[in-house]
Amino acid sequence: MKFFLKERTRKRTPQNVRPASAFAAPALRKLNEAFAPARATPAAGRPSDTQQTYRDLLTRLQIPVNAETPDQVESEDTRAQGQFLARQERWEELEDLIRTHDQNRAATTSGAPLSELMLFGARADVVRAAEHALLHGKPASDADFFHGIEAMEYLLEDFADSYPIALVVAHMHIDIGWAWRGAIAKDDTREINREAFHSHFARATEILDRFCPKIHHSSALSAARCALLPGLEDPTKALCTEYESLIALDPLNPRHMRALGNYLLPRWYGDFDQLDLQARRIAAQTYDIWGAGAYAWVWFDSLLIDPSGLEVIEIEYFLDGVSDALKRRGDQHAANLMAAHLYRSWQYARGQYDTGALNSNLPPALRKGFDMVVHDHLREIHPLIWGHAEIGFENTSRVISKERLSEKGRDVALQAVAMPFMSSLKAGQTVHFTPEGITQANP
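In this text, all values refer to a predicted model and were calculated from it rather than measured experimentally. (Residues numbered from 1 in each chain as written. Predicted model: local features only at pLDDT ≥ 70, side-chain atom pairs only at ≥ 80, totals over all residues. Heavy atoms only, no water.)

Draft legend 1. Region of the structure containing the overall build of the protein chain. The helix and strand tally for the protein chain stands at 22 helices and three strands. Relative to its 443 residues, the protein chain shows a buried fraction of 55%. Of all intrachain contacts in the protein chain linking residues separated by at least 6 positions in sequence, the fraction that spans at least 24 positions is 70%. (Helix = DSSP H or I, 4+ residues; strand = E, 2+ residues; numbered from the N terminus. Buried < 20%, exposed > 50% of the residue type's maximum accessible area, 1.4 Å probe, protein only. Contact = heavy atoms within 4.5 Å.)

The structure is reproduced here in structure tokens:
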């Protein structure tokens, strides 16, 4: 256990700096330009249009708001089950469940693999103890940080041929490595943090090298190999190869495509030209499954994190991809994802590109795509998705509470979804969203 004894002497804490999204916006921003009523002289005894508040208009927008979706419940339950089984040391049962979920490619509606959720729960106690120690300089009073790591390591001796148990321990090291380094894209961390990061990633690599994703037909193993890429000296060489292998093993899950696009951003290991080329390659390889959808998925998170990618993207192809993805995966989670994404992209574009500029076609194209998603696919609001869209779909759960994020997302979503119906709402009509479609009723 030389590796762990050496780590006991480290007492300095990392700077956990997180990149700010280029799309971040103040909570509950009122979209004056989008919603400003026409100025007119009010009739005697009646308030003017400019005195009519958005809230008054939105009372006639009747759309269900689902703050706790089945996807969220399933995710939390699966993580909790993994944590419970690990605490009870029921490793054989945990191993069997992880393998079964992985082999069946079982996932939530949002695409979160059940195997990875269970892996997260199984290592959660040890990782949280490590994060607490690094944040505060010492473990929590009820946590034995190093004992937890060593206990996980001993599991590998008891389950030497078990790739699910190997995944639990490897992901533990990956998470602790990130806790040392901080979730920043550029390599500007302090030396002691960088050394600890690479040490944990090297150990995770050693653990996973004994198992081949293709031999085990395991997308979880392939995803773990992708998670190891930031620990390489030059991840660019292996990035596309590893992610193409993962997507080939699990082509129905768009999360892998989204992760690839994120790592191809200039702030990580690529550039926009590479990103666009890879989006086209994945779209061609998965055309039978997604149509043009993969082009949209690869670009998805990248545009929210760095909207300057709009200078490179082929917007009509992207919107075709949005349409194809929703036709093939028409659930309300995907509809909310696409609507929130297009709304944020449209807001950026209309503030960035003036009429007559080279990219002046972007705002109307994005607005048209947003209206299409609302009219043809959106039937309820998932506020957490809209809240995350405001900050780029990055891992911000530790920065802002779920309740605040949901409240913020609800207000933004209602304002956004009202846009295509603003003239009807101003005329006093009520707009009803139902599973069967949208109806508009006169007062």
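Text resumes after the structure shown.
Draft legend 2. Representation of helix α18 (residues 332-352) in the model. Compared with the 30 Å implied by 1.5 Å per residue over 21 residues, the 30 Å span of α18 between its first and last C-alpha is a close match. Structurally, the start of α18 carries an N-cap: the backbone nitrogen of H333 is 3.1 Å from a side-chain oxygen of D331. (Expected span 1.5 Å × (residues − 1). Polar contact = N/O pair within 3.5 Å; in protein donor to acceptor, adjacent residues only side chain to side chain.)

Draft legend 3. Region of interest: the nonpolar core. By size, the foremost hydrophobic cluster in this structure holds 116 residues, and its most contacted members are L61, W299, F318, F370, W386 and V417. Tallying contributions element by element places helix α8 (residues 163-181) first for this core, with 13 residues. Beyond its immediate stretch of four places on either side in the chain, V417 contacts L61, I63, F370, V374, L378, I381, W386 and F433. (Core = buried A, V, L, I, M, F, W, Y, C linked by side-chain atoms within 4.5 Å.)

Draft legend 4. Representation of the sheet that holds strand β2 (residues 430-434) in the model. Here three strands make up an open sheet; going across it, the order is β1-β2-β3 and the pairing mixed. Single-partner strands in this sheet number two, and they are β1 (61-62) and β3 (437-441). Judged from the two bridges that link them, β1 and β2 form a sheet pairing that is parallel. Across the sheet, residue Q62 finds its bridge partner in β2, namely H432. (Pairing = 2+ DSSP bridges.)

Draft legend 5. Structural context of the pattern of salt bridges. Applying the stated criterion to the full structure yields 18 salt bridges. Here R281 makes a salt bridge to E244, at a shortest N to O gap of 2.8 Å. Of the two residues, R281 is situated in helix α14 (residues 272-285) and E244 in helix α12 (residues 236-249); the sequence distance between them amounts to 37 residues. On the basis of relative accessible area, R281 is assigned to the partly exposed category, the value being 36%. Taken together, the shared-partner salt bridges connect E153, R203 and E206 into one network. (Salt bridge = Lys/Arg side-chain N within 4 Å of Asp/Glu carboxyl O.)

Draft legend 6. A look at the side chain of T286. Note that T286 resides in the loop between α14 and α15 (287-290). The class of T286 is buried, set by a relative accessible area of 4%. Each residue touching T286, except ones within four places of it in the same chain, is listed here: I247, M257, G291 and A294.

Draft legend 7. How the structure looks around helix α13 (residues 254-263). For α13, the buried fraction is high: eight of the 10 residues fall into the buried class. Next to the buried residues of α13 lie α8, α12, α14, α15, α16 (293-305) and α18. Taking the backbone nitrogen of R255 as reference, a side-chain oxygen 3.0 Å away marks N253 as the first, capping residue of α13.

Draft legend 8. Structural detail: the pairing of β2. Residues of β2 alternate between two faces, with V431 and F433 buried on one and T430, H432 and T434 left unburied on the opposite face. Where β2 lies against β3, five bridges are found, and the strand directions are antiparallel. Bridge pairing links F433 to I438 in β3. Remark: two residues form the turn of the hairpin made by β2 and β3, two consecutive strands paired antiparallel.

Draft legend 9. View of the packing of aromatic side chains. As enumerated under the stated definition, the model contains 16 aromatic pairs in all. Taken together, a centroid distance of 5.8 Å and an interplanar angle of 25° make the contact between Y263 and Y269 stacked. Residue Y269 is classed as buried on the basis of its relative accessible area of 15%. Ring centres 4.1 Å apart and planes at 20° place the aromatic pair Y295 and Y317 in the stacked group. Of this pair, Y295 sits in helix α16 while Y317 sits in helix α17 (residues 315-328), and the two are 22 residues apart along the sequence. Taken together through their ring pairs, the aromatic side chains of W178, F197, F201, Y243, Y263, W268 and Y269 make up a single cluster. When the ring centre of W346 is taken as reference, the NZ or CZ atom of R367 above it lies at 5.6 Å. (Phe/Tyr/Trp six-rings, centres within 6.5 Å; stacked < 30°, edge-to-face > 60°. Lys NZ or Arg CZ within 6 Å of the ring centre and 35° of its normal.)

Draft legend 10. The arrangement of the environment of I438 in detail. Inspection of the secondary structure assignment puts I438 in strand β3. C-alpha separation for the pair I438 and L378, spaced 60 residues apart in sequence, amounts to 9.5 Å. If we ignore the near neighbours within four places in the chain, the residues touching I438 are V374, H375, R379, F421, V431, H432 and F433.

Draft legend 11. View of the environment of E191. In this structure, E191 sits in helix α9 (residues 191-208). Sequence separation between E191 and R181 is 10 residues; the distance between their C-alpha atoms is 9.5 Å.

Draft legend 12. Spatial organisation of the packing of helix α5 (residues 91-104) against α8. Between α5 and α8, the least distance of the axes is 8 Å, while the angle of their chain directions is 95°. Judged on the interaxial angle alone, α8 and α5 are roughly perpendicular. For the pair α5 and α8, contact is made by W91, E95, I98, R99, D102 and Q103 and by Y163, P164, I165 and V168, respectively. Class assignment of the residues belonging to the contact of α5 with α8 gives a composition of six nonpolar, one polar and three charged. (Axes fitted to C-alpha atoms, helices over the stretch in contact; angles between N-to-C directions. Parallel < 35°, antiparallel > 145°, perpendicular 65-115°, else oblique. Nonpolar A, V, L, I, M, F, W, Y, C, P; charged D, E, K, R; others polar.)

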